[in-house]
Amino acid sequence: MDVKEAIRKRRAYRSLEPVEVTEDLENDLAECAQITASCFNNQPWRYIFVYDPEMLKKMHEALSQGNEWAQKASMIIVVISKKDYDCVIRDREYFLFDTGMATANLILRATELGLVAHPIAGYSPRKVREILGIPDDVNVITLVIVGKKSKDLNPVLSEKQVEAEKNRPERISLDKFVFINIYKPK
Ligand SMILES: Cc1cc2nc3c(=O)[nH]c(=O)nc-3n(C[C@H](O)[C@H](O)[C@H](O)COP(=O)(O)O)c2cc1C
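Below: a short report on this structure. These figures come from a predicted structure and were not determined experimentally.

### A closer look at the state of the cysteines
Here is step 1 of the chain: Counted under the stated rule, the structure contains 1 disulfide.
Here is step 2 of the chain: The disulfide partner of C39 is C87, and the gap between their sulfur atoms is 2.0 Å. With the S-S bond torsion at -100 degrees, the cross-link from C39 to C87 turns out left-handed. Of the two residues, C39 is situated in the loop between α2 (23-34) and β2 (46-50) and C87 in the loop between β3 (75-81) and β4 (88-89); the sequence distance between them amounts to 48 residues.

### Regarding the pattern of salt bridges
Here is step 1 of the chain: Applying the stated criterion across every chain yields a total of 6 salt bridges.
Here is step 2 of the chain: In this structure, D137 engages K82 in a salt bridge whose closest nitrogen and oxygen atoms are separated by 2.8 Å. Taken together, the positions of D137 in the loop between α5 (125-132) and β7 (139-149) and K82 in the loop between β3 and β4 put the pair 55 residues apart, joining distant regions of the chain.
Here is step 3 of the chain: Judged by its relative accessible area of 43%, D137 is partly exposed.
Here is step 4 of the chain: A relative accessible area of 16% means that K82 is categorised as buried.
Here is step 5 of the chain: The closest approach of N and O atoms between K83 and E93, which form a salt bridge, is 3.4 Å. Within this pair, whereas K83 is found in the loop between β3 and β4, its partner E93 is found in strand β5 (residues 92-93), the two being separated by 10 residues in sequence.
Here is step 6 of the chain: Using a relative accessible area of 39% as the deciding quantity, one classes K83 as partly exposed.

### Examining the site of the ligand
Here is step 1 of the chain: Taken together, 14 residues lie around the ligand, and R11, A12, R14, N67 and R168 are the ones closest in.
Here is step 2 of the chain: For the ligand, an oxygen atom lies 2.9 Å from a polar atom in the side chain of R10.
Here is step 3 of the chain: For the ligand, whose free accessible area comes to 620 Å², the fraction covered by protein is 66%.
Here is step 4 of the chain: Each residue belonging to the shell around the ligand can be placed in one class, and the counts come to 6 nonpolar, 3 polar and 5 charged.

### Details of the pairing of β3
Here is step 1 of the chain: The element β3 is largely enclosed, with a buried count of 7 among its 7 residues.
Here is step 2 of the chain: A two-sided burial pattern is seen for β3, the buried positions comprising M75, I77, V79 and S81 on one face and I76, V78 and I80 on the other.
Here is step 3 of the chain: In the sheet, β2 pairs with β3 via 5 bridges, with the strands oriented antiparallel. The residue of β3 that forms the bridge with I48 is V78.
Here is step 4 of the chain: Pairing analysis gives 7 bridges linking β3 to β7, with the strands arranged antiparallel. Along β7, the bridge assignment pairs I77 with V144.

Rules used throughout
Residues numbered from 1 in each chain as written. Predicted model: local features only at pLDDT ≥ 70, side-chain atom pairs only at ≥ 80, totals over all residues. Heavy atoms only, no water. Disulfide = S-S within 2.5 Å. Helix = DSSP H or I, 4+ residues; strand = E, 2+ residues; numbered from the N terminus. Salt bridge = Lys/Arg side-chain N within 4 Å of Asp/Glu carboxyl O. Buried < 20%, exposed > 50% of the residue type's maximum accessible area, 1.4 Å probe, protein only. Near = heavy atom within 4 Å. Polar contact = N/O pair within 3.5 Å; in protein donor to acceptor, adjacent residues only side chain to side chain. Areas by Shrake-Rupley, 256 points an atom, 1.4 Å probe, with all protein chains shown as cover. Nonpolar A, V, L, I, M, F, W, Y, C, P; charged D, E, K, R; others polar. Pairing = 2+ DSSP bridges.

Okay, structure coming up:
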């Protein structure tokens, strides 16, 4: 078992080249989401695998300005869910947590297969709904941009994005987010 290798190798790369999307790949990724833990085994996640070239082209219209690089996607996985698909325990709503866990598993499996699977929040949910026929009461949580890492930098990237291709953006240190025995933020 080497989960840590996939965790370490996963990166939000933005210079992509095409990858062949097959039914096998689609099923493989979906199966890794399928067996994720969820509250009461509610399985609130839903995915739309978009890889038809015409549909992908339509999806480009939904991308925000800084996400032009995502036009190189071979597949866009649209992650959707709804509050009432999962546990609501007083103020705790679990649909986003469980869908996030399933999507992380999907992303790690894509990484293991040598792919880039980069989640983004920069898109118009209204346009995504319009293009794919998603009702208003369903949350469009993220788009996962899938491709293969290209050695050639995508020329649309900003300076900051180019830097992030080379080095993983900095993280906060463990002592800022891990607390031992009692919650005592500094
Ligand atoms: C919920 C979410 C939304 C994100 N939105 C965008 C986005 O709109 N555009 C983008 O280029 N990257 C986006 N990212 C990628 C992050 O910028 C990236 O994960 C972060 O900078 C750390 O880099 P790393 O994943 O390569 O370690 C998003 C990531 C997550 C998890």
